[in-house]
Amino acid sequence: MRTVSIQQRWVRFLAVLAVLLCLVILPRTGVAFPDDEVLGASDANPPFDFGLGATVQNFLLFTDQRLAVSYGETLKLIDTGLYALETDQPPALSADDETDGVLAGLGYDSGRNQLVASQEDGDILFFLLSDITATPVSVTLAEDKKLGPVVIDAANGEAYVANNGDGSVHVVNLLTQEITRTVTVTIPAVSNYTITDAVWVVDMTEAYFTTDAGVVFYIAKDGTSATIIDITTGETLTAIDVGPNGTFLYVTNDTSGTDTDEVVRISTSTHAVTATISFLVDSVVTNSDPTDVVITSVVNPTATYAYVSGAGIAGTNGGVSVINTNDDELLDMGVDPDQDGEPIEMTTEPLLLQASSSTDGNVYVSDSNQDVGLISASPLVVISSLTYSSGGTTLGQHESFTIVFSFSSPDAVDGTSYTYEVRANGSVDASGTLLVDDSGASSGTTPAETDTTVTFNYDGNSAAFEEGTNDIFVFVTVGDNRGRRATTLTVDTPPPNVTMRSTGFGTNRVYVNFDRIDVADMSHYNIYADTDAAAVMTKSDVSGTTAQGTASTLTGEATGLTNGATYYIAMEAVDLNGNKSEARTNTFADGSVATGVPEQTVGPAQLLGEKGCGLLPKGSRYPLPLWPLMAFAFLLMARLARRRGNGFLFGVIPECLNRGSRLKTAGSDRRKRGFLGVFILVCIILVPLLAQAQGVQERDIAAIDRGYTESRQLGSFEMKTGFWLPQNNVVKGFFGNCCNLITRLQGGLLFQKRYGVELGVGFFYKSATAVGMTSGRTAQQKFNLILIPIETSFVWRADYFTWRYLIPYLKTGIDYVYFRQGLSGGSVQGMKYGLHGTGGVMLNVGEIAGVSVELDNDWGVNDLFVTFEAEYRWINNFGGGGLDLSGQLYSVGILFEF
C-alpha cells in the first residue's frame, strides 16, 4: 500500500478546490465578456429611460456611441456615451411631406452616412445623418405594400428591402434611390409568409432572410433569384445574425410553445445546418420564445459569443442566453447551481439586442417597458454633477469646473481603489484629450460606490476644449474592463488674439487689414488708435468697430483722427457674450509695430484743380443741359415743316441769324456765349440739309427700287455701350484704359437717309482708389465718379448705293457732361463742355437676314443695324482746365430707323 503524506493530501485538496472554483466562478466573474446586467447602486439605472413612446420595433447600433431606435412612426437617436437622446433628432413623420408610415425596417448605409428605413405603406425613407433634422427623402417601392427588414450592402451601394405584401425583395441603388431589380421568392408549399429578419454577409456578398415558414433564403450580389435553406418546416424563425468572420450564421427558432426553442447554426460556405443549440436543458426550457440574436467578439478572453433574448426560465422577467460560438456551447449564466444553461436574468423582459465593438464590450437590450438595458462586464460610471466656478452655466477663461462621479462593478473589491481618468471630447474609445486636474494629475484612483470630486481649470486645459458644447468622459478601469460615462461641458472661451496684416489711410481715418477669426460666436472687432504707443494698449475709447465677416481677410477703420499725425494701432476680438481677446494686438504678423498716418485724400477732380459748379448758371433761366433738347426740338419742327415748301428755307435762315444776334447782344454771361456758338453751328448745319432736301430731289432714297413701297423715314433710335479710354494722365492713372463702360441712348432726325442730327444721353459710374493730397500715396479710401454725358451731333452716312449691307458714317458735335465725384462724405460736381468726332460703320441686319419688309410692315422699322464706332472726345471746357474727360470711346450698338 502506498502511503500519502499530509502535504500531498493538501495539494490534491487545493487542486480540486481550484477546479470547483473555475467551474462555478469563471462563467460569472472571471472573464471579460459581457456577462451580467449592469445596474446602478439603486438598481434603477440602467435600464435607461429615454422617453420612448412605445415598444421598440427597430434597434440599430451603427457606431459605438450612436444607437437608433424606432417605434411606430418615430425614429430616435441615442448617445450611448451620455446615455441620453442626441441633441438633434429626426423630424416627426408627416402626411404633409409624404413621410408618414410605421417604420418596419432600419439599416445603416456607411458609404453615404445615412439611415434607410422601410415603412408599412410601401415607402422607404433616407435620413441623412449629416443633416438629421431635415425632412427625409421618401421613395415609393411598392405602394400600399407592407415592407419589412432592410439590410445594406454599403460597399456596393445597395439596399435589400423585404416586401411582406408579396414575399419579394427589392434591391435599391443607394445613390440614385431607385429600384434596380426585384427578386421574387418562392417557398415550396407555402403561399403566405412573413420575412422576419435579415443580415448582410460581407465576406460572402450575400443577403440572408428569415421567415415564419421555417426557412432561410439568401440572395447573392447581383442575383436575380433566391435560394431556400429549409430549417424546420412551419416554425417561426425570429432573428438572424452573422459571426464576425462571416463563416456562420445563428438563427433563432421560436417553436410556438413547444419545448424545442433553439438556435440553429448555418455555414455560409455550404449553406447547410451544422449545429442546433437547444434551450431545453435537464428537462427545463432555460429561455423560451427567443426574440433576437446578436453575435460579438470580445478581447478578454479572445472569443466570440452569441446573445439570445427571450422570456427566460418560467417565473422570471426574461433572460439573455449566452452561447460560446467556438463550440456552440450554451453557457450557464445563472445563480442556481442545480440548473445548467441559465440565461442572464434581466429586470424586464428583453426584446431586441445590439452589441458594440469588442473593445467597448457592451450589449444593449430593448425591453418590454420601452427602456434600454445594458449587459457588460465593465464598470458602470455615474456622473452626479458638473458645476462651474463662476456659478453660471459656462466655463470661461481663468475659471474651472468640478465634476462628481462614482462607479459600481461586480468585480470591484471592497477597500481597493481603481484608476480613473477624465478626457475631453473624442468618443467612448478614450480618444479624447486627457485633462489635468488642479493638482497637476492626469489620472487618479477611487473606490467603488464612492463619490469622487475632481476640479479642472480652463487655463491648464484650454487646448482640449472647443467653443460651445464639449463631451467630458470619465473612464474607470477595473481589472481588464474599462467603463465610461460622459456629460456635457459648455465652454465660452475668449476669441483668439487678432492678427493684423497692414494699415491704410484715408481722410481723418486709418484702415486696418486683419485675418478673420473663425469661431462660431464671434461678434465684432475693436480698433484702438492713439498717438501714444503705451496708451493705445490700455485706453477704453474705441476708435472703430468692425462686424464679423465671411472673407478670410477683413478691413476695419479707426475714424475721427487728425490728418498728418502718426497713430499707433491695437485690436481685440469680441464674442457674442462680450469676451475679449486675452491680449490686444499692436503689431503686424511680421512683428513690426502697427502704425498709420491719416491724410486728406483726393480723386481726379480735386487733383486737377476742379472746384465744381452748380448746374444752373447764375442769372440763367434754364439749366444748361436743356439747350441741346431745345435745339433738337427746333430741328424736329424744321424736319416736319419740309412739306410746306421752299419758303420755309428762307424763313429758317433769317430766324437763325436774328436769334443769334439777339443772343450776342444779350450776353456777357459765359454760358450764353457758349449757347450762341452752339446755336449758330446748328443753323449752319441745318441750311445745307434743307437746301439739299428741297433742291436735289432725285437723290432721295425713296427713289431707290427696293422691291416694295417703303414707309417714309423720319428718325432713328440707337442703344449703345462702349469703353472709354481716358486721355488725361491723371484720369487715366485713376481709372486705367480698361473697363470704363459708358452706356448711351441716341435719337436722331433723318434727311434723305444720309444726313441727320442726333441728341444723345449716357451714363457712367465707377469707383476707384483715392490718393493722398500731399504725399500722392495710394490711399485705402475709395471715391466714385458719376458722368451723365449729353451730346448733339450732325451725322453723315455714305448711304448712296442700292447695296446697303455695310454703311460707313461720320459724326461731329458738341458735348455737355455733368460730373459728380463723391469722396469722404462730400462731393464735387459741375459741367464740362467739349466737342467730339466719330467714325463708324452700320451693319444692316435687316437686309442680311431678309426681314426688312416684315419689320417695316409690322413695326414701322425701315432698317435695323448693328453699329461699330470709334469716337474721339475733347471735353475740357475747350482748354479751360479742371477735370479733363477727353479720350477715345469705342462702342457697339443697335440702331433702328423708322
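What counts and what doesn't
- Residues numbered from 1 in each chain as written.
- Predicted model: local features only at pLDDT ≥ 70, side-chain atom pairs only at ≥ 80, totals over all residues.
- Heavy atoms only, no water.
- Helix = DSSP H or I, 4+ residues; strand = E, 2+ residues; numbered from the N terminus.
- Contact = heavy atoms within 4.5 Å.
- Areas by Shrake-Rupley, 256 points an atom, 1.4 Å probe, with all protein chains shown as cover.
- Buried < 20%, exposed > 50% of the residue type's maximum accessible area, 1.4 Å probe, protein only.
- Pairing = 2+ DSSP bridges.
- Disulfide = S-S within 2.5 Å.
- Polar contact = N/O pair within 3.5 Å; in protein donor to acceptor, adjacent residues only side chain to side chain.
- Phe/Tyr/Trp six-rings, centres within 6.5 Å; stacked < 30°, edge-to-face > 60°.
- Lys NZ or Arg CZ within 6 Å of the ring centre and 35° of its normal.
- Core = buried A, V, L, I, M, F, W, Y, C linked by side-chain atoms within 4.5 Å.
- Axes fitted to C-alpha atoms, helices over the stretch in contact; angles between N-to-C directions.
- Salt bridge = Lys/Arg side-chain N within 4 Å of Asp/Glu carboxyl O.
- Arc of directions from axis to C-beta.
- Patch = residues over 30% accessible without salt bridge, like charges linked within 9 Å, V, L, I, M, F, W, Y side chains within 5 Å.
- pLDDT = per-residue confidence, 0-100.

Draft legend 1. Molecular detail of the overall build of the chain. A count of helical and extended segments in the chain gives eight helices and 54 strands. Here the contacts in the chain between residues at least 6 apart in sequence split such that 60% fall between residues at least 24 apart. In the form shown here, the chain has an accessible surface area of approximately 39500 Å², with 53% of it arising from carbon and sulfur atoms.

Draft legend 2. Spotlight on the pairing of strand β24 (residues 302-310). The buried fraction of β24 is high, at eight of nine residues. Taken together, the eight bridges between strand β23 (residues 292-299) and β24 define a ladder with antiparallel strand orientation. Considered in β24, the bridge of Ile 295 is made with Ala 306. From the end of β23 to the start of β24, which pair antiparallel, there are two residues. The pairing of β24 with strand β25 (residues 319-324) spans six bridges and is classified as antiparallel. In the strand pairing of β25, Tyr 305 is matched with Asn 324.

Draft legend 3. Seen up close, the state of the cysteines. Considering all chains together, one arrives at one disulfide under this definition. Through a disulfide, Cys 738 is tied to Cys 739; the S-S separation comes to 2.4 Å.

Draft legend 4. Highlighting unusual backbone geometry. Here the phi dihedral of Ala 430 falls at roughly 60°; this positive angle occurs in a residue that is not glycine. Note that Ala 430 resides in the loop between β33 (417-424) and β34 (433-434). For Ala 430, a relative accessible area of 14% gives the class buried. Of note, the phi angle at Glu 449 is positive, near 55°, even though the residue is not glycine. With respect to the helices, strands and loops of the structure, Glu 449 is situated in the loop between β35 (444-447) and β36 (452-457).

Draft legend 5. Quick look at the side chain of Thr 838. Along the chain, Thr 838 turns up in strand β52 (residues 826-844). Among the polar contacts made by the side chain of Thr 838, one reaches the side chain of Glu 871 at a distance of 2.8 Å. Apart from the residues within four sequence positions on either side, Thr 838 is in contact with Tyr 809, Leu 810, Lys 811, Glu 869, Ala 870 and Glu 871.

Draft legend 6. Quick look at the packing of aromatic side chains. If you walk through the whole model with that rule in mind, you get 21 aromatic pairs. Both rings, one in Phe 473 and one in Phe 475, keep their centres 5.7 Å apart while their planes meet at 20°; by these two values the pair is stacked. Of the residues examined, Phe 473 reaches a relative accessible area of 0% and is grouped as buried. Pairwise contacts between aromatic rings join Trp 724, Phe 734, Phe 735, Phe 764 and Phe 783 into one cluster. Its guanidinium or amino end placed over the ring of Phe 248, Arg 265 lies 3.9 Å from that ring's centre, counting from NZ or CZ. One Lys or Arg, Arg 777, reaches over the ring of Phe 505 and ends 4.1 Å from the middle of that ring.

Draft legend 7. View of the nonpolar core. If you look at the biggest cluster of nonpolar residues, it comprises 26 residues, and the most contacted ones within it are Phe 401, Ile 403, Leu 435, Phe 465, Val 476 and Leu 489. When residues of this core are traced back to their parent elements, those giving at least two are β31 (380-388), β32 (400-408), β33, β36, β37 (468-478) and β38 (481-491). Grouped together as the second largest cluster of nonpolar side chains are 22 residues, Ile 742, Ala 768, Val 828 and Leu 885 included.

Draft legend 8. Geometry of the sheet that holds strand β8 (residues 137-140). Pairing is antiparallel across the open sheet formed by four strands, whose spatial order is β5-β6-β7-β8. Edge strands, defined here as strands with exactly one partner in the open sheet, are β5 (103-109) and β8. Averaged over all pairs of adjacent strands, the angle between strand axes in this sheet comes to 20°, irrespective of strand direction. Note: strand β7 (residues 123-128) against β8, four bridges, orientation antiparallel. In the strand pairing of β8, Phe 126 is matched with Val 137.

Draft legend 9. Focus on the sheet that holds β31. Spatially, the three strands line up as an open sheet ordered β31-β32-β36, and their pairing is antiparallel. Each end of this open sheet is capped by a strand with a single partner; those strands are β31 and β36. Neighbour to neighbour, the strand axes of the sheet diverge by 25° on average, direction disregarded. In the sheet, β31 pairs with β32 via eight bridges, with the strands oriented antiparallel. Bridge pairing in β32 places Leu 380 opposite Ser 408.

Draft legend 10. Layout of the pattern of salt bridges. Under the criterion given, the structure shown has 26 salt bridges. Here Lys 580 and Glu 572 are joined by a salt bridge, their closest N and O atoms 3.7 Å apart. Taking relative accessible area as the criterion, Glu 572 reaches 5% and is therefore assigned buried. Two residues, Glu 718 and Lys 811, come together in a salt bridge whose shortest N-O distance is 3.9 Å. Of this pair, Glu 718 sits in strand β47 (residues 715-726) while Lys 811 is found in strand β51 (residues 806-823), placing the two residues 93 residues apart along the sequence.

Draft legend 11. Examining helix α8 (residues 852-859) more closely. Of all the positions in α8, only Ser 852, Leu 855 and Asp 856 are classed as buried. In a view along the axis of α8, the buried residues occupy a sector of 95°, so they form one face of it. Away from its buried face by more than 90 degrees, α8 exposes Asn 857 and Asp 858. Tucked into the core, α8 has its buried residues touching α7 (845-849) and β53 (863-875).

Draft legend 12. Representation of a nonpolar patch on the surface. Together, Phe 717, Met 719, Leu 745, Val 761, Ile 894 and Phe 898 make up a nonpolar patch on the protein surface, roughly 490 Å² of accessible area in all. For Ile 894, the position within the fold is in strand β54 (residues 887-897).

Draft legend 13. How the structure looks around the confidence of the model for the chain. Chain-level pLDDT for the chain is 86 on average; 84% of the residues reach the 70-or-more range. Across residues 639-708 the pLDDT falls below 50, and counting only partners more than four positions away or on other chains, this stretch makes 77 contacts in the model.

Draft legend 14. How the structure looks around the side chain of His 170. Here His 170 shows up in strand β11 (residues 168-173). In this structure His 170 comes out as buried when scored by relative accessible area, which is 5%. At 3.0 Å, the side chain of His 170 and the side chain of Asn 163 are in polar contact. Residues in contact with His 170, not counting those within four places in the same chain, are Leu 141, Ala 142, Leu 147, Ala 159, Tyr 160, Val 161, Asn 163, Ile 179, Arg 181 and Thr 182.

Draft legend 15. Spotlight on the pairing of strand β30 (residues 372-376). The element β30 is largely enclosed, with a buried count of five among its five residues. Neither face of β30 is open: one carries Val 372, Leu 374 and Ser 376, the other Gly 373 and Ile 375, and all of them are buried. Strand direction decides the pairing type here: strand β29 (residues 362-367) and β30, joined by five bridges, are antiparallel. The partner of Val 365 across the bridge, within β30, is Gly 373.

Draft legend 16. Quick peek at the environment of Phe 514. With respect to the helices, strands and loops of the structure, Phe 514 is situated in strand β40 (residues 509-515). Judged by its relative accessible area of 0%, Phe 514 falls in the buried class. Between the alpha carbons of Phe 514 and Tyr 525 there is a distance of 10.0 Å; along the sequence they are eleven residues apart. Among all residues touching Phe 514, those that are not within four sequence positions of it are Val 498, Thr 499, Met 500, Arg 501, Tyr 525, Thr 546, Ser 552, Thr 553, Leu 554, Thr 555, Gly 556 and Met 571.

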